[in-house]
Amino acid sequence: MVKDLFERIQNNKGPLGKWASQAEGYFVFPKLEGELGPRMQFGGKDILNWSLNDYLGLANHPEVRKADTEAAAQYGAAYPMGARMMSGHTKYHEQLENELADFVMKESAYLLNFGYQGMVSIIDALVTKNDVIVYDVDAHACIIDGVRLHMGKRFTYRHNDIESMEKNLQRATKLAEENGGGILFITEGVFGMRGQQGKLKEIVAMKEKYNFRLLVDDAHGFGTLGKTGAGAGEEQGVQDDIDVYFSTFAKSMANIGAFVAADKDIIDYLKYNLRSQMFAKALPMIQTIGSLKRLELLRNSSELKDKLWVNVDALQSGLRSRNFNIGDTNTCVTPVYLEGSVPEAMVMVNDLRENYGIFLSIVIYPVIPKGIILLRMIPTASHTLSDIDETLVAFEAIREKLENGTYKEIANRTKVDLDA
């Protein structure tokens, strides 16, 4: 008997969806209101927001808002119509690609409508069934989904673990030799959950021993790391050795879209083989022209990155001096690790939002090990030192309540209905 396709879906909402009745509208899918920035509104109350990836504060920069507004007035939301290959190509798309390639020190670049679908499609286009993929076990979901499309073999290595990388490169080399294929090595410039940089320098050094090509997702590094802001490769002195460089506009550029950069022959190949772009409408002019202005500011306004890092250093040093565990982050991403159950975590976040006016992202089991609570903060150039002081005071208060059992007592009393 053929089952109803929807039977499984109706009986199992998935690892996150099963908590929808308790979490939706507050812990997930919250409605933030007001202008994007550190001070917004949630549930009718003013909050201090640490949950936006607007690293350089460009979302409400007056020159950016002016460029977006003028592009919308001149072209509307529809222009250009059609895919780039057919009828959606403009001089502004070419200009942005050329400027991006120059900024990240590559021969050529190609625009992508969305970072997620772009990365999935890049991986799909770069490999055949005879090739082998080696990638970090903590890679972003877009990398994992791209790897899932691969019809050949793939190996994961332990997160940022050089010994594990080399072991899996040895396995990949043996298999690629047997199949007559190549090796694609994938990592991230910055791992967005823990804030660690990928070990690009060490990976590049292994190219002397193993024959592979390196693809780097630098979504969190672009604009924030390196002398000019060109990302983690520039920061570590190995930008030239990254074969395929990828980043999104959704973070430092405060926009929609993404790009991939590499040698010209590789980009020429991707232009004619990236299915997510060949069969999709071109990036609208609002985003394209708006990104040109954002990139101009990123190149010429070093004070934005300087201000960002003043805030990053103040927040992270303040947390460390108060004995908070922020792991080994060496980027703007600031995780705070606490010990507690899922119900305690939910009570704590509710307390932060309702009584301290602090809004941030919470990560709990099964995304991280049971018994650990991760509070993830993204400092930006728009935050102030007083914002940081306010947050540090709140963190000391919630830690005390977590350690003295206050949150556990509230969770038990209110019967938070979650598997701890």
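About the criteria used
Residues numbered from 1 in each chain as written. Predicted model: local features only at pLDDT ≥ 70, side-chain atom pairs only at ≥ 80, totals over all residues. Heavy atoms only, no water. UniProt positions renumbered as here; feature names shortened; annotations may be inferred. Axes fitted to C-alpha atoms, helices over the stretch in contact; angles between N-to-C directions. Helix = DSSP H or I, 4+ residues; strand = E, 2+ residues; numbered from the N terminus. Parallel < 35°, antiparallel > 145°, perpendicular 65-115°, else oblique. Left-handed = near helix turned anticlockwise from the far one by under 90°. Contact = heavy atoms within 4.5 Å. Nonpolar A, V, L, I, M, F, W, Y, C, P; charged D, E, K, R; others polar. Polar contact = N/O pair within 3.5 Å; in protein donor to acceptor, adjacent residues only side chain to side chain. Salt bridge = Lys/Arg side-chain N within 4 Å of Asp/Glu carboxyl O. Buried < 20%, exposed > 50% of the residue type's maximum accessible area, 1.4 Å probe, protein only. Phe/Tyr/Trp six-rings, centres within 6.5 Å; stacked < 30°, edge-to-face > 60°. Lys NZ or Arg CZ within 6 Å of the ring centre and 35° of its normal. Pairing = 2+ DSSP bridges. Domains from an automatic or database assignment. Buried area = accessible area lost by both parts, 1.4 Å probe. Core = buried A, V, L, I, M, F, W, Y, C linked by side-chain atoms within 4.5 Å.

An unreviewed UniProt entry lists the protein under the name Glycine C-acetyltransferase, with Flavobacterium sinopsychrotolerans as the source organism. Under the UniProt heading Cofactor (unreviewed entry), the entry covering the protein gives this text: "pyridoxal 5'-phosphate".

Trainee: Would you mind showing me how to read the packing of helix α3 (residues 62-75) against helix α12 (residues 285-300) here?
Mentor: Packed helices, taken two at a time, are described by their axes: the angle between them and the distance between them. Contact geometry of α3 with α12 gives a least axis separation of 8 Å together with a crossing angle of 155°. When the interaxial angle is binned, α3 and α12 end up roughly antiparallel. In this structure, the crossing between α3 and α12 has a hand that is right-handed. Touching E63, V64, A67, D68, A71, A72 and Y75 of α3 are M285, I286, I289, G290, K293, R294 and L297, all from α12. Of the residues belonging to the contact of α3 with α12, the class tally is 9 nonpolar, 1 polar and 4 charged.

Trainee: Looking at this model, I keep getting lost on the UniProt feature "domain: Aminotransferase class I/classII large" (unreviewed entry) in the protein. Mind explaining?
Mentor: UniProt records the feature "domain: Aminotransferase class I/classII large" (unreviewed entry) at residues 45-392, using the numbering of this structure. The annotated region residues 45-392 carries 42% helix and 17% strand content, and the separation between its end C-alpha atoms amounts to 20 Å.

Trainee: What should I look at first to understand the side chain of K293 in this one?
Mentor: Mapped onto the secondary structure, K293 falls in helix α12. A distance of 3.4 Å separates polar atoms of two side chains, one belonging to K293 and the other to E63. In contact with K293, other than residues within four places in its own chain, are E63, V64 and A67.

Trainee: Help me out: how do you make sense of the pattern of salt bridges in this one?
Mentor: Where charged atoms from two side chains of opposite charge approach closely, those side chains can pair. This structure, assessed with the given rule, holds 19 salt bridges. In this structure, R39 engages E390 in a salt bridge whose closest nitrogen and oxygen atoms are separated by 3.0 Å. Within this pair, whereas R39 is found in strand β2 (residues 39-42), its partner E390 is found in helix α15 (residues 385-403), the two being separated by 351 residues in sequence. Across the pair R194 and D138 runs a salt bridge, and its minimum N-O distance is 2.8 Å. Taken together, the residues R194 in the loop between β7 (183-188) and α8 (200-205) and D138 in the loop between β5 (132-136) and α6 (141-148) connect sequence positions 56 residues apart. Residue class for R194 comes out partly exposed when judged on its relative accessible area of 36%.

Trainee: How do you make sense of the packing of aromatic side chains when you look at a structure like this?
Mentor: Aromatic ring pairs are reported here in terms of the distance separating the ring centres and the angle at which the planes meet. All chains considered together, the criterion is met by 12 aromatic pairs. For the ring pair F103 and F222, a centre distance of 5.7 Å and an interplane angle of 80° mean the geometry is edge-to-face. One end of the pair, F103, is in helix α4 (residues 91-103); the other, F222, is in the loop between β8 (213-217) and α9 (232-236), with 119 residues separating them in the sequence. On the accessibility criterion, F222 (1% relative accessible area) is buried. On the numbers, 5.1 Å between centres and 25° between planes, the contact of Y157 with F185 is stacked. A residue pair is termed long-range when its members are at least 10 positions apart, and Y157 in strand β6 (residues 153-157) and F185 in strand β7 qualify at 28 residues. Residue class for Y157 comes out buried when judged on its relative accessible area of 1%. Counting every residue linked through ring pairs, the aromatic cluster contains F103, F222, Y245, F249 and F259. Above the ring of Y26, the side-chain terminus of R353 is found at 5.3 Å from the ring centroid. Positioned over the ring face of F42 is R353, at 5.4 Å from the centre of the ring.

Trainee: Is there a simple way to explain the sheet that holds strand β13 (residues 361-363) in this structure?
Mentor: By way of backbone hydrogen bonds, the strands of a sheet pair with one another, either parallel or antiparallel. A sheet is described by the order of its strands in space; here 3 strands give the open sequence β11-β14-β13, paired in antiparallel fashion. Two strands in the sheet have a free side with no partner beyond their single neighbour: β11 (334-339) and β13. Averaged over all adjacent pairs, the angle separating strand axes in this sheet is 25°, with direction ignored. Strand direction decides the pairing type here: β13 and strand β14 (residues 372-377), joined by 3 bridges, are antiparallel. Along β14, the bridge assignment pairs I362 with L375. The strands touched by helix α14 (residues 342-355) are β11, β13 and β14; relative to β14, the strand with the most contacts, the crossing angle is about 30°.

Trainee: What is the right way to look at the domain arrangement of the protein in this model?
Mentor: How big an interface is tends to be stated in terms of accessible area lost as the parts join. Along its sequence, the protein is carved into domain 1 (11-49 + 302-413) and domain 2 (62-300). Using C-alpha coordinates to define each centre, domain 1 is positioned 29 Å away from domain 2. Across the boundary between the two partners, domain 1 contributes 18 residues, which contact 18 residues of domain 2. The contact between domain 1 and domain 2 buries some 1,300 Å² in all, and 52% of this surface belongs to carbon and sulfur atoms.

Trainee: Explain the nonpolar core here, please?
Mentor: Looking at soluble globular proteins, one finds that nonpolar side chains tend to be buried together. Ranked by size, the top nonpolar core spans 55 residues in total, and within it L100, F185, F212, F222 and F259 carry the most contacts. Summarising the domain contributions, this core has at least three residues from each of domain 1 (11-49 + 302-413) and domain 2 (62-300). Apart from the residues lying within four places of it in its own chain, the contact partners of L100 are A109, L111, F222, F249, F259 and L295. Grouped together as the second largest cluster of nonpolar side chains are 36 residues, V342, M348, L352 and A411 included.

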